[in-house]
Amino acid sequence: VLEYFAGERQEMLLILSGSLLVTVLALWLWIATRTGFAAAFAITVIATAVLFSGTAVSLLVRDKEMSNTIVQALGTERQAASLTSERERIAVVLSKYRYYRYISSVIALIALLSLALSSRGWVHGVAAGLLLLVVAQVLIDHYSERRAERYFQQLGMNAESLASSAGGLAYCASLDAH
């Protein structure tokens, strides 16, 4: 359980950092070249960065409260209900990754067709930005799905072994408070 929420936090911080980095680089390209390609690329990258960053911040806020709720339930009469509820939530999360891959594939196909069928710079800029989005999404989902699978398995383990990790979870939650 500790590993899951720590991994989520690390992923969200990496997404925020990566979003800032690619935004700065895209803007630098536009400032340096002032081309249609660079402008379209920058707009696509900024829109993607805003989307990723907004999601990351909302998950950081949600996960902090969620992990605290689970930690507080461990070792109490609410433990079984809390772990069952969390396992059901993660099952839903896991069921969505297939659709995320489908969406990424469609976006990649649109970008590749745009590159193949057009010679306009701005179209290629949008396509490059969309391909960057797809690469980021595939990387994020790969690690996120593996972490969610491990967490789902841990939630199905013996309740006693989870209860024994309550002290470690409380420590992790206290670190999040800082």
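Refer to the structure above for everything that follows.
Since the structure is predicted, the reported quantities are computational estimates derived from the model, not experimental observations.

### What about the packing of aromatic side chains?
Thinking step 1. By the definition in use, this model includes 6 aromatic pairs.
Thinking step 2. For the pair Tyr-4 and Tyr-151, a centre-to-centre distance of 4.0 Å together with 5 degrees between the ring planes defines the contact as stacked. Of this pair, Tyr-4 sits in helix H1 (residues 2–33) while Tyr-151 is found in helix H4 (residues 121–155), placing the two residues 147 residues apart along the sequence.
Thinking step 3. With relative accessibility at 0%, the residue Tyr-151 sits in the buried group.
Thinking step 4. Summarising the aromatic geometry, the rings of Tyr-97 and Tyr-100 are spaced 5.6 Å apart at their centres and angled 85 degrees between planes, so their arrangement reads as edge-to-face.

### Considerations on the pattern of salt bridges
Thinking step 1. According to the stated counting rule, one finds 7 salt bridges in the structure shown.
Thinking step 2. Notably, a salt bridge pairs Arg-150 with Glu-3, separated by 3.0 Å at the nearest N-O pair. With Arg-150 in helix H4 and Glu-3 in helix H1, the pair connects residues that are 147 residues apart, well separated along the chain.
Thinking step 3. Judged by relative accessible area, which is 43%, Glu-3 ranks as partly exposed.
Thinking step 4. The shortest N-O distance in the salt bridge between Glu-11 and Arg-147 comes to 2.2 Å. Residue Glu-11 is located in helix H1, and its partner Arg-147 is located in helix H4; the two are separated by 136 residues in the primary sequence.
Thinking step 5. Look at Glu-11 and you get buried, because its relative accessible area is 10%.

Rules of the game
Residues numbered from 1 in each chain as written. Predicted model: local features only at pLDDT ≥ 70, side-chain atom pairs only at ≥ 80, totals over all residues. Heavy atoms only, no water. Phe/Tyr/Trp six-rings, centres within 6.5 Å; stacked < 30°, edge-to-face > 60°. Helix = DSSP H or I, 4+ residues; strand = E, 2+ residues; numbered from the N terminus. Buried < 20%, exposed > 50% of the residue type's maximum accessible area, 1.4 Å probe, protein only. Salt bridge = Lys/Arg side-chain N within 4 Å of Asp/Glu carboxyl O.

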